[in-house]
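Descriptive structure summary
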Amino acid sequence: MAPVHAAYAPSLDKWIKSLRSQSLEASIESLIYLLKRRQVKGDECATATAHTLLQVVARSKWHDVDQLLNRVQSAGSRLARAAPNEPVIGNIVRRVLGLIREEATEDRNIDDDVGSESASDIQALTPVNAPNQQGNRPAPTPVQTLQRAPTGLAGLQVSKSMFNLFSAAGNSDTPLTGASTPLSQAQPASVHALRSEVIEGIQELMDELSQADDQIASFSDIQIHPDDYVLAYQPSKTVERFLIKAASRRRFTVLIANSEPIQPGATETPYAVLRKKLNSHGVTTINLATNALMAYIPRVNKVIFGAKAVYQNGGVLVDSGAYIAAEAAQEFLKPVIVLGAVYKLCPEDPSDETVISELGNPSRFVSYANGPEIDALEIENTVSDYLPPSLVDVYITNLGPQSRPHLASILADHYKVEDIGYSLHESEV
Amino acid sequence: MSKQAGKGGAGKGKKPAKAGTDEKREDVLQAVIIADYFQDRFKPFTLDKPRCLLPLVNVPVIEYTLEFLASNGVQDVFIYCGAHSEDIEDYIYASTRWSPSSAISPFSSLEFIRVSDATSVGDFLRDLDKRGVIAGDFLLVHGDLVANIQLDAALAKHRARREANRDACMTVVLRSVGDEPHRAAKARGITPVFIIDPDSGRCLQYDEAHPLMSDRRTVIDPSVFDHGSFEVRSDLIDCGIDICTPEVLALWSESFDYELPRKNFLHGVLKDWELNGKFIYTEIFEDGYAARASNLQMYDCISKDILQRWAIPFVPDSNLMHDQSYRKVSGNCYFETGVKVERGAKVSHSAVGAKTMIKTGSSVTSSVLGRRCRIGQNVTIKDSYIFDDAIIEDGAYINHSILAGSVVIGANTQVPEGSLLSYNVHIDSEIQLPSKPPARIAVTTDSGDEAEPDVSLVGKGGKGANYEVHVDDSDSDSEDEGDRDPAVLQNGLIYSMEGLNISTLSVSTFASEDDYESDDDMGHTGYLHSGDSAGRERLSSFTSDDASKPDAFHGDAVTGLVDALRADDNEDFDSAKLEFMGLRLANNASDTEMRRAIAVAFTRRAAEFLTPEHGSLEPSKAAEKALKDKNGAIKFITDVGVGGDDVRQQAEFALAVQKGLVSVRGLESGRAGALLAAMLQQLYSLDVLEEDGILAWWADKRASEGETMNKVKEKCRVLVEWLENADEEESDEDDDE
């Protein structure tokens, strides 16, 4: 009976578990509402988006690359619109779109390559293309007849098991087929291959998401030196891991800045778990309130932020209050290090709304019990801050430390030009 | 009773994994939404639409409730509808998100239950008990709830308590708001008072306080003191979320006359704790948002809170409805797509629905505008709520009002604070709507007929007539009887004690006159401290299940006595006395209530003589006439009104007379004081009251509580001094002898 008492409230884990049992539409819809209700947020969005797109690729019906791209785009933009303040969603969608394009062209390329190769091989036997175009001409080899069959059956919607059989044969056997089929009517064999390749690609992407923090942490001992004073502003999971990893190698001091006012009645000091872990490695920790931060900056060697998103111009979306810390660091010429995995790197400039920043619940700063204040004041609690590129010195991605000019090449490696221009928020597919 | 079998069954089968297998069934969280309130507070808007479909920041209220349930992982939902039940059902079935047949509904089942002869929330819950559809713990919420709190922790605690003790049957979810509460807490007319054990969270007693109570006092049951430590808290918002076990429904069934979940049920169950042995706990949230749009003032507050993002994620730019497209723009505004704001128009702190047009020179602050509204030039809109398709022509001025769908306001018309204009009302141009009391205008009447346009109100080209709020209508119910007085406070959009006198006129003379002493404070606190039986008796009469009983007694008794006093014939007062005693027995009224009724009757009669219709008598004459006109009246006062020679009882009666005078309508305090002095003097000379009694009253602190009381009392100084001197002289004489 023990697990019966599990929580009822929906969460990302529950959603992932329910994926199998729910229809695709229902899963997307329930994720949209999880996003709207902020029950899935931050880094979780990336994982959730990847899961959704995996389902879209695996379960929706599509017959060619364009259809698949459409499906992914429409599902992606629905998610992105549900959480306009989570740019990571758009990044994942673009990554998957890029992946599909890549696989598709790769297929074509392989086909083309193989086609030309085989063509040259076969040239001796048959004139290029022409015979195949005519269709059911008696084939020179039994293999070729086998290969023709799936194409012919494509319109007839071969049952999947059959389909597997043929395509598997197609892949493992001679790649002769490619040459014979025109690209425009994507044949089931390649559709299926594409499907499995894209799925594989998305799974790799998901691995990348889950490993990103560890990979970033592995660069920690390069950045943090013995006897450093490191200021961590509201350490995110990524920053926590980074610090703990560094603590296993180095002796240093961590100043944990926290802008959240301590709630009356709160029993735990903030970041108690992190402090405990760091202390167990012999690293000293000091908790700071943000307003005391300025006094410590001269003593600090470096400042670390966890990014919510990194824009192509080098600007960074961070927790609210970080801007002041970054300003102060710049004033005292202390390096500002931003931790952000590659998937947080957005191939676009921040919108005006990002710079204005999302507003949160004012109750974080003014208690509901404080009636007169609420009536008299207009309270804006920003959830995030935008750090302009000039305030950031080093970006540490899971590929290693980068400088600003280098971001462009990472972007170019990970996104396709076609997808960068595609705006997720406005498309109403 | 008829059951509308929802299409919920179909939904259940669809998602087997969600609904779970049979043994997992118990693990599913169920919720019951009460979507009818048997109240008039939202009239005239609720003439056309059920309350839970009224737009709150352009989203029907019930959407918030359903979303709250979904965010807490509720699987099965039962909705009880009363008035306009078809509308609610149609709405839900048409919704892509909530319809039970929809594949994307977060609930595995959603059923409507109709109870044809229900007159109160209690009837719904008794019906639910009969159906036996509730398997385990369930949430009981109202269809006007806006909350973003997460109940997981509270549910886990509730479960743990229930396993430890089967009688822990209910957890009431509350939100603490502190000493200086936010406007949402201030707006409520009724302040719930919870007496709670701070260690376990167990609720020991529940009462309600409201500003119309004269004493603002809650009487604590002596058994509470046996409990050890306890806290009395009136700083809590009761958002109407209850975590219940099925036993709660059984309790409802046992007490067939309980009507309201709080005033009757919670109060009653706690009071009879020794009988039923049930424990009720509270769960107090220190953060998060929870409130009920239970009246227009709360509607106003919650709308503002949503605009100021207190209720995240319930903010316009979350776009919880499928077809919404709000974006935050500068000036703390939320615009949907297609909003046109001309250059020169100012919009701030507002939400504006799609395709609404605001022309140049207009200013909109802290307001909510629906879709497709047309706002003309130089219009001022402040703190107002305007539903879809409204047309406001040039130069109009709208302040703190609610304008329902398709309302048309003519050019240069003034809509002052507190106005409520229902659907399709048209106001001609150049009209100044009344501000005291604010107008309530509807095009339909209670019976659903078209109202005859009231040209003097809405102008020549206008549509609609003044809508009178009838509290004692046959379709209005139970809740009104119980808390008629505070309901008056909650009726309008503006919370005002000032407006109260005006609105009570239409309610009933008795209710309003007795407001000031409805929950009398005739000195029983003293009894309570000594813990004797009188205190208990007083307590039980005040707290009895049928809350209307004491009031009924008071009203009937006073009317009876005044009629007897007015009667022209020279009949003996004995018949009136007999009638009075009969009433007393029938209602099991306490001594205090009798004393109060008698005092009120005589003072009212005496005050009548002061009025021009009765000859504008001098106070002394009036007092004499009122007391002496009838044979036996004095004896009646001595026997029943004072009820003994005890000094304390005499003082109580004098106090009752004083209070009676203070509460007489239209009697200014100077005159009241003169009359009081005259009456006391008469009573003294008739040997009803003795010196000691009057002096004890003079010394009593309660006699000088409040400004009017004090003023009235001061007028008696001469009398009291004379009495004191007489006393001294007497004693001097005694000494001389």
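Residues numbered from 1 in each chain as written. Chains lettered and ligands numbered in written order. Predicted model: local features only at pLDDT ≥ 70, side-chain atom pairs only at ≥ 80, totals over all residues.

1. Observations concerning the overall build of chain B
How we decide: For helices the rule is a DSSP run of H or I covering at least 4 residues; for strands it is a run of E covering at least 2, with both sets numbered from the N terminus onward. Labels follow a simple rule on C-beta atoms placed from the backbone: if 20 or more others lie within 10 Å of a residue's own, it is buried; if 12 or fewer, it is exposed; otherwise it is partly exposed. A residue pair is marked as a contact if its C-beta atoms, positioned from the backbone, fall within 7 Å.
A count of helical and extended segments in chain B gives 29 helices and 34 strands. For chain B, buried positions account for 52% of its 737 residues. Pairs at least 24 apart in sequence give 60% of the contacts found in chain B among residues at least 6 apart.

2. So, the overall build of chain A
Across its full length, chain A carries 19 helices and 10 strands. Residues counted as buried form 43% of the 429 residues belonging to chain A.

3. Some points on the nonpolar core
Side chains of nonpolar character tend, in soluble globular proteins, to be buried together. Counted only if it meets this: We define a nonpolar core as a collection of buried residues of the types Ala, Val, Leu, Ile, Met, Phe, Trp, Tyr and Cys that are connected via C-beta atoms lying within 7 Å of each other.
In terms of nonpolar packing, the biggest core is built from 242 residues, with Leu231(A), Val303(A), Ala325(A), Val338(A), Ala31(B), Tyr80(B) and Ile280(B) touching the most fellow members. Setting aside chain neighbours within four positions, we find Val338(A) in contact with Phe305(A), Ala307(A), Val310(A), Val316(A), Val392(A) and Tyr395(A).

4. Details of the environment of Ala354(B)
All names here are of chain B. Tracing the chain through its elements places Ala-354 in the loop between β19 (351–352) and β20 (357–358). Residue Ala-354 is classed as partly exposed on the basis of its 18 C-beta neighbours within 10 Å. The residues touching Ala-354, leaving out its near neighbours within four places in the chain, are Ser-325, Glu-336, Thr-337, Gly-338, Val-339 and Arg-371.

5. Some words on the packing of helix α25 (residues 647–663) of chain B against helix α28 (residues 707–714) of chain B
Residue and element names in this part refer to chain B. Formally: In this description, a line fitted to the C-alpha atoms serves as the axis of each element, helices being fitted only across the stretch in contact, and the angle between N-to-C directions of two axes falls anywhere from 0 to 180 degrees. The crossing is said to be left-handed when, going from far helix to near helix, the turn is anticlockwise and less than a right angle, and right-handed when the turn is clockwise. Under this grouping Gly is polar, as are all residues other than the nonpolar Ala, Val, Leu, Ile, Met, Phe, Trp, Tyr, Cys and Pro and the charged Asp, Glu, Lys and Arg.
Packing of α25 against α28 leaves a shortest axis separation of 10 Å and a crossing angle of 115°. The way α25 lies across α28 gives a crossing that is right-handed. Here Gln-658, Leu-661 and Val-662 of α25 come into contact with α28, specifically with Thr-708, Met-709, Val-712 and Lys-713. For the contact of α25 with α28, the residue count by class is 4 nonpolar, 2 polar and 1 charged.

6. Thoughts on the environment of Glu721(B)
Residue and element names in this part refer to chain B. Summarising the element assignment, Glu-721 is placed in helix α29 (residues 717–736). Glu-721 sits in the exposed class, given 11 other C-beta atoms within 10 Å. On a C-alpha basis, the gap between Glu-721 and Cys-244 in space is 62 Å, while along the polypeptide they are 477 residues apart.

7. Concerning the sheet that holds strand β26 (residues 391–392) of chain B
Residues and elements named next belong to chain B. The condition is simple: Think of it this way: DSSP has to see at least two bridges between two strands before they count as a pair.
Read across the sheet, 6 strands follow the order β17-β20-β23-β26-β29-β32 without closing on themselves; strand pairing throughout is parallel. Of all the strands in the sheet, just β17 (340–341) and β32 (426–427) have a single pairing partner and so form its edges. Of the strand pairs in this sheet, β20 and strand β23 (residues 374–375) are connected by 2 bridges, and their pairing is parallel. If you follow Met-357 over to β23, its bridge partner there is Arg-374.

8. Brief notes about the interface of chain B and chain A
Counting from both sides, the interface comprises 34 residues of chain B and, opposite them, 33 residues of chain A. For the side of chain B that touches chain A, the element with the highest residue contribution is helix α6 (residues 152–164) of chain B, accounting for 4 residues. Classifying every residue of the side of chain B that touches chain A by side-chain character gives 14 nonpolar, 9 polar and 11 charged.

9. Remarks on the domain arrangement of chain A
Residues and elements named next belong to chain A. Note the following rule: What marks off one domain from the next here is an automatic or database domain assignment.
Domain boundaries assigned for chain A yield domain 1 (1–213) and domain 2 (218–419). The partner domain 2 presents 18 residues to the 18 residues of domain 1 that form the contact. Looking at the side of domain 1 that touches domain 2, the elements that each hand over two or more residues are α3 (43–59), α5 (87–123) and α10 (188–217).

10. As for the confidence of the model for chain B
All names here are of chain B. Cut-off, in case you're wondering: Per-residue confidence from the predictor is given as pLDDT, running between 0 and 100.
Per-residue pLDDT for chain B averages 76, and the proportion of residues at 70 or more is 80%. Across chain B, element-level confidence peaks in strand β22 (residues 368–369) with a mean pLDDT of 94 and bottoms out in helix α18 (residues 525–530) with 32. Listed scores for the predicted complex are pTM 0.71 and ipTM 0.77.

11. With respect to helix α9 (residues 246–254) of chain B
Filter applied, for reference: Throughout, the arc means the angular range of directions from the helix axis out to the C-beta atoms.
Those residues of α9(B) that sit buried are Val248(B), Leu249(B), Leu251(B) and Trp252(B). Down the axis of α9(B), the sector holding all buried residues measures 155°, keeping them to one side.

12. Observations regarding unusual backbone geometry
All names here are of chain B. Of note, the bond from Ile-312 into Pro-313 is cis; its omega dihedral lies within 30 degrees of zero at 5°. Within the secondary structure, Pro-313 is located in the loop between α12 (296–307) and β15 (327–329). One non-glycine residue with positive phi stands out, namely Asn-319, at about 50°. Note that Asn-319 resides in the loop between α12 and β15. Phi at His-349 is positive, roughly 50°, even though this residue is not glycine.

13. A look at the pairing of strand β10 (residues 203–209) of chain B
All names here are of chain B. Burial of β10 is extensive: 6 of the 7 residues sit out of reach of the surface. Sheet topology note: the strand β9 (residues 191–196)/β10 ladder contains 6 bridges and is antiparallel. In the sheet register, Pro-192 faces β10, and the bridge partner there is Glu-208. Following β9, the chain reverses through 6 residues before pairing antiparallel with β10; Gly-201 in that reversal takes a positive phi of roughly 80°.

14. Structural notes on the sheet that holds β10(B)
Residue and element names in this part refer to chain B. Sheet architecture is open: 3 strands sit in the order β10-β9-β11, paired in antiparallel fashion. Strands at the two margins of the open sheet, each flanked by one partner only, are β10 and β11 (231–233). Across the sheet, the mean angle separating the axes of adjacent strands is 15° when strand polarity is ignored.

15. Examining the pairing of strand β4 (residues 302–306) of chain A
Residue and element names in this part refer to chain A. Of all 5 residues in β4, 5 are buried, a share of seventy percent or more. Going residue by residue along β4, you find Lys-302, Ile-304 and Gly-306 tucked away on one face and Val-303 and Phe-305 tucked away on the opposite face as well. Examined bridge by bridge, strand β1 (residues 229–233) and β4 share 3 bridges and lie parallel to one another. Counted as the bridge partner of Val-230 is Lys-302 from β4. Here β4 runs beside strand β7 (residues 336–339); their pairing, made up of 4 bridges, is parallel. Looking at β7, one finds that Ile-304 is bridged to Ile-337.

16. Some remarks on the packing of helix α22 (residues 591–610) of chain B against helix α26 (residues 669–685) of chain B
Residues and elements named next belong to chain B. The criterion, for reference: Angles are sorted into four bins: roughly parallel if under 35 degrees, roughly antiparallel if over 145, roughly perpendicular if 65 to 115, and oblique for all others.
Interhelical geometry of α22 versus α26 gives an angle of 120° and a closest axis separation of 11 Å. By the angle between their directions, the pair α22 and α26 is classed as oblique. Crossing of α22 over α26 shows right-handed handedness. Only Arg-671, Leu-675 and Met-679 of α26 make contact with α22, whose side of the interface consists of Ala-606, Ala-607 and Leu-610.

17. Concerning the environment of Ala209(B)
Topologically, Ala209(B) is positioned in strand β10. As for Ala209(B) and Thr191(B), which are separated by 18 residues in sequence, their C-alpha atoms are 5.0 Å apart.

18. Focus on the confidence of the model for chain A
Residues and elements named next belong to chain A. When the pLDDT values of chain A are averaged, the result is 77; 75% of them are 70 or greater. Confidence drops under a pLDDT of 50 for residues 1–5, and excluding neighbours within four residues, the segment shows 3 contacts in the predicted structure. Overall, residues 114–186 carries pLDDT values under 50, and its contacts beyond four positions in sequence, including any with other chains, amount to 60 contacts.

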